Amino acid sequence: MKSRILIVEPSEMILHGLTAMLKDLNYKVLEPRRTAATLDNDLSVLRPEILIINPTLCAAPMQLAQGRSMKVAALVYQYIEQSILNQYDAIIDVRDSANVIESRLVQLLSQPAVNHDKKTENYDLTKRETAVLVEVAKGLTNKEIADALNLSVHTVISHRKNIMHKTGIKSVAGLTVYAMLNNLID
Amino acid sequence: MKNFFFNKQVKLCDVITSYPYLLHTLPRFNISLGFGNKTINEVCVANGVDPDFFLLVCNVYAFDNYLPSAQELTTVDMSQLVPYLEKSHRYYLDKRLPHITHHLERIASQLTDTRAGKAIMMFIGVYREEVEAHFGHEEKHVYEHLKKLLEGKPDRSYSIDTFIDSHGNLQEKLEDLTQIIFKYLPQQLSAEDDAIEVAFDILQLSSDLKKHSLIEEKIMVPYVKQLERSVK
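The sections below set out a description of the structure shown in this document. All values derive from a computational prediction rather than experimental measurement.

In terms of helices and strands, chain A carries 9 helices and 5 strands. Taken over 186 residues, chain A has a buried fraction of 27%. Put simply, 50% of the contacts in chain A that link residues at least 6 apart link residues at least 24 apart.

This part covers the overall build of chain B. Broken down by element type, chain B carries 9 helices and 0 strands. Reading chain B from its N end, one meets helices and strands in the order α-α-α-α-α-α-α-α-α. In chain B, 74% of the contacts between residues at least 6 apart in sequence involve partners at least 24 apart.

What follows deals with the interface of chain B and chain A. The interface of chain B with chain A comprises 16 residues on the first partner and 13 residues on the second. Where the side of chain B that touches chain A is concerned, the elements lending two or more residues are helix H6 (114-150) and helix H8 (171-184) of chain B. When its residues are assigned to classes, the side of chain B that touches chain A shows 9 nonpolar, 1 polar and 6 charged.

Our focus in this paragraph is the environment of Asp113(B). When you line up the elements, Asp113(B) lands in the loop between helix H5 (81-109) and H6. Judged by local crowding, Asp113(B) falls into the partly exposed class, with 14 C-beta atoms found within 10 Å.

Membership of the largest hydrophobic core comes to 37 residues, with the highest contact counts inside it found for Val177(A), Ile120(B) and Phe123(B). Here Ile120(B) is in contact with Val177(A), Leu104(B) and Ala108(B), once residues within four sequence places are set aside. If you look at the next biggest cluster of nonpolar residues, it comprises 27 residues, including Val76(B), Leu149(B), Val224(B) and Leu227(B).

Right, let's get into the sheet that holds strand E4 (residues 71-76) of chain A. All names here are of chain A. If you walk across this open sheet you meet the 5 strands as E2-E1-E3-E4-E5, and the pairing is parallel. Strand pairing shows two members of the sheet lacking a second neighbour, strand E2 (28-29) and strand E5 (90-93), which therefore form its edges. In this sheet, E2 lies alongside strand E1 (residues 4-8) in parallel orientation, the contact comprising 2 bridges. Directly across from Ile5, in E2, lies its bridge partner Val29. Across the sheet, helix H1 (residues 12-24) is in contact with E1 and E2; its angle to E1 comes to roughly 170°. Packing against the sheet, helix H5 (residues 98-110) makes contact with strand E3 (50-53), E4 and E5, and its axis sits at approximately 165° to E5.

It is worth spelling out the environment of Arg128(B) at this point. Residues and elements named next belong to chain B. Of note, Arg128 is situated in helix H6. Among the residues examined, Arg128 registers 16 C-beta atoms within 10 Å and is labelled partly exposed. Between the alpha carbons of Arg128 and Leu93 there is a distance of 7.7 Å; along the sequence they are 35 residues apart.

Residues and elements named next belong to chain A. By the alternation rule, side chains of E3 split into Ile50 and Ile52 and Leu51 and Ile53, which are all buried. As paired elements, E1 and E3 share 4 bridges and run parallel to each other. In the strand pairing of E3, Ile5 is matched with Ile50. By the bridge criterion, 4 bridges tie E3 to E4 in an arrangement that is parallel. Paired with Ile52 across the two strands is Ala73, which belongs to E4.

A few words on the packing of helix H9 (residues 172-181) of chain A against H8(B). Where H9(A) contacts H8(B), the two axes come as close as 9 Å, and the packing angle between them is 15°. Between H9(A) and H8(B), the angle falls in the class roughly parallel. As for how H9(A) packs across H8(B), the hand of that crossing is right-handed. Across the interface between the two elements, Gly174(A), Val177(A), Tyr178(A) and Leu181(A) of H9(A) pack against Lys173(B), Asp176(B), Leu177(B), Ile180(B) and Tyr184(B) of H8(B). Here the residues of the contact of H9(A) with H8(B) are counted per class, giving 6 nonpolar, 1 polar and 2 charged.

Okay, the pairing of E4(A) next. Residues and elements named next belong to chain A. Counting buried residues along E4, 5 of its 6 residues qualify, which places the element largely inside the surrounding structure. Here E4 pairs with E5 via 4 bridges, running parallel. Bridging from a neighbouring strand, Ala74 pairs with Ile91 of E5.

This part is about unusual backbone geometry. Phi is positive for Asn26(A), close to 70°, though the residue is something other than glycine. Looking at where Asn26(A) falls in the secondary structure, it is placed in the loop between H1 and E2. Asn26(A) sits in the exposed class, given 9 other C-beta atoms within 10 Å. Although it is not a glycine, Asn30(B) sits at a positive phi angle of roughly 60°. Accessibility expressed as a C-beta count within 10 Å gives 12 for Asn30(B), which makes it exposed.

This part takes up the packing of H5(B) against helix H9 (residues 192-231) of chain B. Residues and elements named next belong to chain B. Following both chains from N to C, one finds H5 and H9 inclined at 160°, their axes separated by 10 Å at the closest point. By the criterion of interaxial angle, the relationship of H5 to H9 is roughly antiparallel. You can see that H5 and H9 cross each other, and the crossing is left-handed. Where H5 approaches H9, its residues Leu81, Leu85, Ser88, Tyr92, Arg96, His99, Ile100, His103, Leu104, Arg106 and Ile107 are matched on the opposing element by Asp194, Ala195, Glu197, Val198, Asp201, Ile202, Leu205, Leu209, His212, Glu216, Ile219 and Met220.

This next bit is on the environment of Arg47(A). Along the chain, the position of Arg47(A) falls in the loop between helix H2 (39-46) and E3. As for Arg47(A) and Ser69(A), which are separated by 22 residues in sequence, their C-alpha atoms are 8.6 Å apart.

Before going further, it helps to spend a moment on H2(A). In terms of burial, H2(A) is largely open, as just 0 of its 8 residues are buried. Immediately beyond the C-terminal end of H2(A), within one or two residues, lies Arg47(A), with a positive phi of roughly 45°.

Scoring rules and cut-offs
Residues numbered from 1 in each chain as written. Chains lettered and ligands numbered in written order. Predicted model: local features only at pLDDT ≥ 70, side-chain atom pairs only at ≥ 80, totals over all residues. Helix = DSSP H or I, 4+ residues; strand = E, 2+ residues; numbered from the N terminus. Buried ≥ 20, exposed ≤ 12 C-beta atoms within 10 Å, placed from the backbone. Contact = placed C-beta atoms within 7 Å. Nonpolar A, V, L, I, M, F, W, Y, C, P; charged D, E, K, R; others polar. Core = buried A, V, L, I, M, F, W, Y, C linked by C-beta atoms within 7 Å. Pairing = 2+ DSSP bridges. Axes fitted to C-alpha atoms, helices over the stretch in contact; angles between N-to-C directions. Parallel < 35°, antiparallel > 145°, perpendicular 65-115°, else oblique. Left-handed = near helix turned anticlockwise from the far one by under 90°.

Any link to function would need more than the numbers given here.
Next comes the structure, spelled out in C-alpha cells:
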C-alpha cells in the first residue's frame with residue numbers, strides 16, 4: 001500500500017517539485033495545502049501517514065501529532081533554529097536528492113509509532129539555553145542578553161521559557177542559585 | 001451544602017483533629033491549647049473571640065471551595081479581621097522565615113562551593129524583603145483603609161480594586177526554593193536532614209500563605225467592597 005503524504009508549503013515551486021518527486025517514488029500525495037490555517041481539521045479528514053510541513057508554518061509539530069499515528073517532517077530551505085528542528089521526526093532539506101528523501105521516508109515509516117503524549121522529554125539544558133541562563137543569572141535583561149549572544153529578543157524569551165520548564169525554576173534569583181549549584185558561572 | 005462546613009456546636013478538638021492545619025489559626029485568635037472538650041462557641045466566648053468570625057476563618061482555611069455569602073459578611077463581627085491578618089504577618093516574618101533561614105544557613109555552610117551557599121542566602125534574604133514590602137503595603141494601605149471604613153471615616157482616595165489588581169503571589173518563589181532543594185542540591189550533602197526538614201517547613205509556609213491570601217480575597221475584599229458601597 002502506498003503511504004499517504006500531506007504537504008503544507010507556501011511556495012508553489014517547491015510544492016510542485018516535491019509533489020512530483022514523491023509521486024515518482026510512488027507515494028500517494030494528498031491535495032497539498034499552502035497554509036496551516038485549517039490543518040487540524042485537514043489532518044482529521046485526510047489522515048496522512050506523513051505530514052511534510054514548512055516549519056515556519058507550525059509552532060508545535062508534536063501537538064499536531066498528538067493522538068494521531070502520523071509522523072511529521074520539516075521541509076527546510078532556510079535557516080531554522082535547531083531547537084525547532086529537534087521537535088520534528090525527520091528533516092527534508094530542499095537540497096536532498098530523491099534517493100535521500102526516499103531513504104528518510106522509509107526510515108520514518110519504519111520507526112515505531114511514538115506516543116507523543118508520553119514521549120520522554122530531554123530535561124538537560126542545551127548549550128544555547130545554558131548560555132542564556134548564565135546571562136539571566138548575571139541579571140541581564142532580555143534585550144541585553146539578545147545583544148550579548150547575538151540573538152533576537154524573541155529567541156531569548158523562548159529559551160527562557162524552555163529553561164523555566166526544564167529546571168522548574170521561574171525566578172531570576174532561583175535560576176542564579178541553580179547556575180551556582182551547577183558551576184555554570186566562573 | 002452548608003452542613004459540610006463547621007458550626008459553632010462542634011467540639012473544637014474534633015475540628016482540629018480532622019483539620020490539624022487549623023492549629024495555625026489559634027494563636028492568631030489568642031486561643032491557647034488545652035481547651036478540653038469545649039465547643040467552638042464555648043472556646044470563643046471564653047477567649048473573647050466572635051464565634052461567627054472564628055468559623056468564617058476556619059471554613060475558608062479548611063475548605064478551598066467555601067465562599068462566604070454576602071449575608072454572612074454583613075452579620076459577622078469583623079472587628080477582629082485586621083488584627084487576625086496582622087498577627088499572621090508577624091508569624092510569617094518573626095517565626096517562620098527566621099526558622100527557614102536558619103535551616104538554609106546550615107545547608108549553605110556545608111556546600112563546598114561557597115558562592116552557591118551565598119546565592120541561597122541571597123535568595124532567602126531578597127525573598128524576605130519582598131514579603132516585608134508586600135505585607136507593609138497591605139498594612140499601610142489596605143488594612144488602614146478597612147480600619148477607616150469601620151471608624152466611619154473612609155478614605156475615598158483608595159479603593160479595594162487597587163488591591164485586587166495588584167495582589168501578588170508570595171508562594172511562587174517558595175516553589176523555586178523547593179525545586180532547588182529537591183532537585184539540585186549536591187547529592188550526599190551532609191546536611192540532608194536539614195534539607196528535608198526545611199523542605200517541609202517551606203511547603204507548610206507556602207500553604208499557610210495561600211490560605212492567608214484566600215482569607216484576604218474571600219473575606220476581606222468582598223467585605224470592604226460592601227463597606228465602600230455603603231458609604232458612597
